[in-house]
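Topology and contacts: notes
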Amino acid sequence: MIATQWIWLAVALPLAGFLVNGALALRRTPATRAVSIIGPGVLLGAFAVSLGVTLGLLQAPPHEPHIVRLWSWMPVGSLQIDLAFQVDQLSAVMLLVVTGVGSLIHLFSVGYMREDPGYARYFAYLNLFVVFMLVLVLGSNLPVLFIGWEGVGLCSYLLIGFWFTEKANADAGKKAFIMNRIGDFGVLVAMFLLWRELGTLEFARIADVAPEALTAGGAVVTAVTLFLFLGCTGKSAQIPLYTWLPDAMAGPTPVSALIHAATMVTAGVYLVARTNVLFAMAPLSSAVVAGVGAVTALFAATIALRQYDIKKVLAYSTVSQLGYMFVGVGSAAFTAGVFHLVTHAFFKALLFLGSGSVIHAMHHAYHATHSHEDAQDMRNMGGLRHHLPVTFWLMAIATLAIAGIPPLSGFFSKDEILASAFARGAEMPAYYVFYAFGVIAAFLTAFYMARLMVMTFLGENRTGTEERRHLHEAPWIMTGPLVVLGLLSVIGGVINLPTFVGGHHWLESWLEPVTAAGAAFAAVELPHGRTELFLVGGAVLVGAVGLILGYRATRARRIPPAREAPADTGLALVLNRKYYVDEIYDAVVVRPLVWLSRVVLWKGVDEGVVDGAAVNGSARLSRGLGWLGSRLQTGQVGVYVVLFLVGALWVLRAVIR
Amino acid sequence: MDGALAPLLGPALGLSAILFSLGVAGVLLRRNVIVLFVCIELMLNAVNLTFVALAQLHGASGQVMVFFVMTVAAAEAAVGLAIILAIFRHKQSVDLQNINLLRG
């Protein structure tokens with residue numbers, strides 16, 4: 001147990017790791033051993049600090065958050081912004097997820113990235129990411145949160161484009177950064193509005209002041225929350241800004257697990273939970289949040305049905321599961337959203353690291369035979385169960401968890417979200433639709449996960465006869481973290497067991513001090529008795545049927561290897577090409593913007609007005625005036641005398657008058 | 001003010017105006033630098049005449065001024081003739097039309 005004042009250590013340790021690893025990355029000789037110790041070491045240290053602080057909170061749960069002020073950052077008149085960390089129940093949960101899952105992924109990376117020439121650089125970026133993520137979840141006011149918010153975006157950009165020598169990877173990084181920038185604009189506007197209306201940006205003060213200063217359901221609070229949610233759609237990859245996340249898979253797989261599944265992309269859910277009082281006061285915004293979440297959950301799940309790249313399936317699955325979390329927080333079930341955030345961090349990190357293990361094996365096999373086949377295409381896999389047994393069983397556990405099969409963690413969290421949405425339906429019928437979307441998405445989730453598992457691990461192997469001999473299980477440094485995550489995926493549900501299995505909703509009561517302000521405006525009364533059992537049974541049934549149908553449908557068909565596969569047609573093609581959303585965005589937004597920039601702004605304004613009229617124009621004007629002046633300089637004394645005389649007479653006339 | 005108080009004031013100023021105008025006309029119309037120079041001297045002396053004539057009314061300061069003008073005219077003549085000599089050595093001409101190095 002550690003006093004809360006030492007929480008800065010949890011941020012300082014990864015920061016030190018970033019500085020040291022960054023310095024090592026600049027050296028010519030690779031310092032693999034030092035990096036392997038420092039990179040995960042600082043994270044384990046941060047995890048220890050977080051654990052100590054959380055244990056302290058557990059012993060004496062505070063009603064008011066502990067604020068640790070480090071220094072005054074922006075003292076401008078009545079705007080006093082401190083660089084301060086807020087330690088309370090919600091940030092403790094996030095701390096443990098970020099540092100805990102982060103530590104496991106750092107350990108995995110030691111095995112996965114060891115042979116990469118940019119090993120030290122990789123760990124420097126990864127450490128820096130954790131620094132910013134911790135600032136994000138610890139910030140006691142919106143501007144400090146925003147530092148973290150921007151910082152994780154930067155690290156995301158750096159890590160997506162980690163192998164920047166290929167243009168596609170660098171482009172994916174840029175895309176993620178720009179998409180996030182659109183969302184960040186929303187967060188900024190929300191901050192300005194809050195400052196104008198409330199005069200404070202401290203979360204604790206907002207929870208105190210907002211109920212009196214703002215009218216519930218009024219225009220101001222609705223605008224603030226919608227702008228905040230715009231930021232969330234960027235960071236957490238929701239419609240309409242989700243397209244960057246699947247492309248972000250260009251980065252190393254542990255990065256996808258840490259940043260684009262477990263932690264950074266859940267920042268939006270965290271932000272909504274953190275400002276729950278505002279969202280609770282704005283039922284319209286909450287409905288928008290839940291609606292966008294539900295539509296995204298369903299939309300992304302359908303795309304995942306027809307992807308062949310194993311990481312793309314998981315990427316769309318992440319988008320879909322993030323949609324679930326927003327259905328939760330949009331139904332005023334802030335605990336349910338955070339609960340799913342935690343369990344999702346476990347099983348999705350496990351799935352990504354498992355896919356990393358698979359890709360690692362495939363890559364080595366193809367590397368050994370100098371083949372140029374796609375190591376991530378599931379059509380080239382199959383039958384890997386015999387070669388990677390540990391990975392197979394652990395991913396099977398994660399599949400059951402994400403499909404919502406009891407008693408695994410995903411079952412409890414997903415069930416609670418669906419139940420909350422259903423309960424809200426009594427007040428606003430639209431939530432019944434969101435509930436229905438959620439159920440269909442749950443079915444599709446089970447279906448595409450079964451498809452992924454079958455294509456990857458079951459059936460005949462399609463890698464190639466020569467390559468097959470090189471397939472091997474990953475080293476213990478990679479499987480070890482997988483085992484821990486597998487364990488967490490199984491038992492993760494215990495933190496918030498519902499009453500019908502004898503639990504007490506522990507997470508709910510733990511987060512109560514944080515969500516109390518919001519609960520005063522909108523509380524969900526979860527259904528009990530028959531309705532509850534009916535909902536639970538329905539959810540389990542949907543998941544189980546999805547798994548079985550997915551298994552049967554995929555086993556029934558012969559899957560040709562990628563190079564022999566026929567092209568998709570009809571609906572399958574539309575799904576495989578992601579409903580052509582990227583192409584539509586390109587035609588509607590990107591191309592007009594590029595045209596505007598090139599033709600109007602560059603050729604017109606910059607070259608025409610600025611360069612032509614202003615810069616060259618003024619030069620031409622002064623040259624013309626100078627030419628006129630030089631015409632007076634004839635060199636003939638007579639002319640000068642005449643002019644002089646005329647001038648003298650002129651003056652004389654003025655004097656005599 | 002009449003002629004009894006200031007004898008010959010009117011004719012003196014009139015002569016001075018005529019001499020000055022002749023000087024100006026000479027500067028404007030002639031091209032020979034030497035003649036030009038003489039014309040400038042003519043203008044200076046026309047002014048001197050005005051000073052002297054008006055000194056009857058305004059005391060001795062006008063006459064003192066004449067000495068200043070004559071001193072400056074002497075200095076000017078020295079410098080001016082030196083320049084003309086230098087130009088002649090350079091150009092073999094004292095015609096102003098040939099001296100237009102400062103044309104813009």
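1. Side note on the overall build of chain A
- Within chain A, the regular secondary structure consists of 26 helices and 2 strands.
- C-alpha extents for chain A along the principal axes are approximately 115 × 65 × 55 Å.
- The buried share of chain A, reckoned over its 657 residues, is 52%.
- For chain A, contacts bridging at least 24 residues in sequence account for 81% of all contacts bridging at least 6.

2. Quick look at the interface of chain A and chain B
- With 12 residues of chain A in contact, the opposing surface of chain B contributes 9 residues.
- Listing elements by their share of the side of chain A that touches chain B, those giving two or more residues are α25 (581-632) and α26 (637-656) of chain A.
- It is α26(A) that contributes the most residues to the side of chain A that touches chain B, 5 residues altogether.

3. Observations concerning the nonpolar core
- Counting 218 residues, the largest nonpolar core has A:Phe129, A:Met133, A:Leu134, A:Ala349 and A:Leu350 as the members making the most contacts within it.
- Leaving out residues up to four positions away in the same chain, A:Phe129 has contacts with A:Val152, A:Cys155, A:Leu159 and A:Ile259.
- Listed in part, the 5 residues of the second largest apolar core include B:Val33, B:Leu36, B:Phe37 and B:Cys39.

4. Side note on the confidence of the model for chain B
- This prediction gives chain B a mean pLDDT of 87; 94% of its residues lie at or above 70.
- The ipTM for the predicted assembly is 0.81, set against a pTM of 0.81.

5. With respect to the pairing of strand β2 (residues 79-87) of chain A
Residues and elements named next belong to chain A.
- As judged from the 9 bridges shared by strand β1 (residues 66-76) and β2, these two strands associate in the antiparallel manner. Bridged to Ile67 within β2 is Gln86.
- Hairpin connection from β1 to β2: 2 residues lie between these consecutive antiparallel strands, with Gly77 at a positive phi of about 55°.

6. Notes on unusual backbone geometry
Residue and element names in this part refer to chain A.
- A cis amide bond, omega 10°, links Ile239 with the succeeding residue Pro240.
- Structurally, Pro240 can be placed in the loop between α8 (219-235) and α9 (244-247).
- For the bond from Pro406 to Pro407, the omega torsion is 0°, close enough to zero to count as cis.
- One can find Pro407 in the loop between α16 (389-403) and α17 (409-424).
- Not every positive phi belongs to a glycine, and His370 is a case in point at roughly 55°.
- Following the sequence through the fold, His370 ends up in the loop between α15 (334-368) and α16.
- Positive phi is not limited to glycine here, since Tyr579 has a value of about 55°.

Reading the values: the criteria
- Once a new chain begins, its residue numbering starts again from 1 and follows that chain's sequence as written.
- Each chain takes a letter, starting from A, and each ligand takes a number, starting from 1, following the order in which they are written.
- Totals for whole chains, interfaces and linings use every residue, but because this is a predicted model, local features are given only for residues with pLDDT of at least 70 and side-chain atom pairs only at 80 or more, for both listing and counting.
- Helix and strand definitions follow DSSP, with helices as H or I runs of at least four residues and strands as E runs of at least two, each counted in order from the N terminus.
- Once C-beta atoms are placed from the backbone, each residue is buried if 20 or more other C-beta atoms lie within 10 Å of its own, exposed if 12 or fewer, and partly exposed for counts between those two.
- It is the C-beta atoms, placed from the backbone, that decide contacts: two residues are in contact if theirs lie within 7 Å.
- Any nonpolar core is a set of buried residues, restricted to Ala, Val, Leu, Ile, Met, Phe, Trp, Tyr and Cys, that join up through C-beta atoms within 7 Å.
- A residue's pLDDT is the predictor's confidence in that residue, given on a scale from 0 to 100.
- Strand pairing is assigned whenever DSSP identifies at least 2 bridges connecting the two strands.

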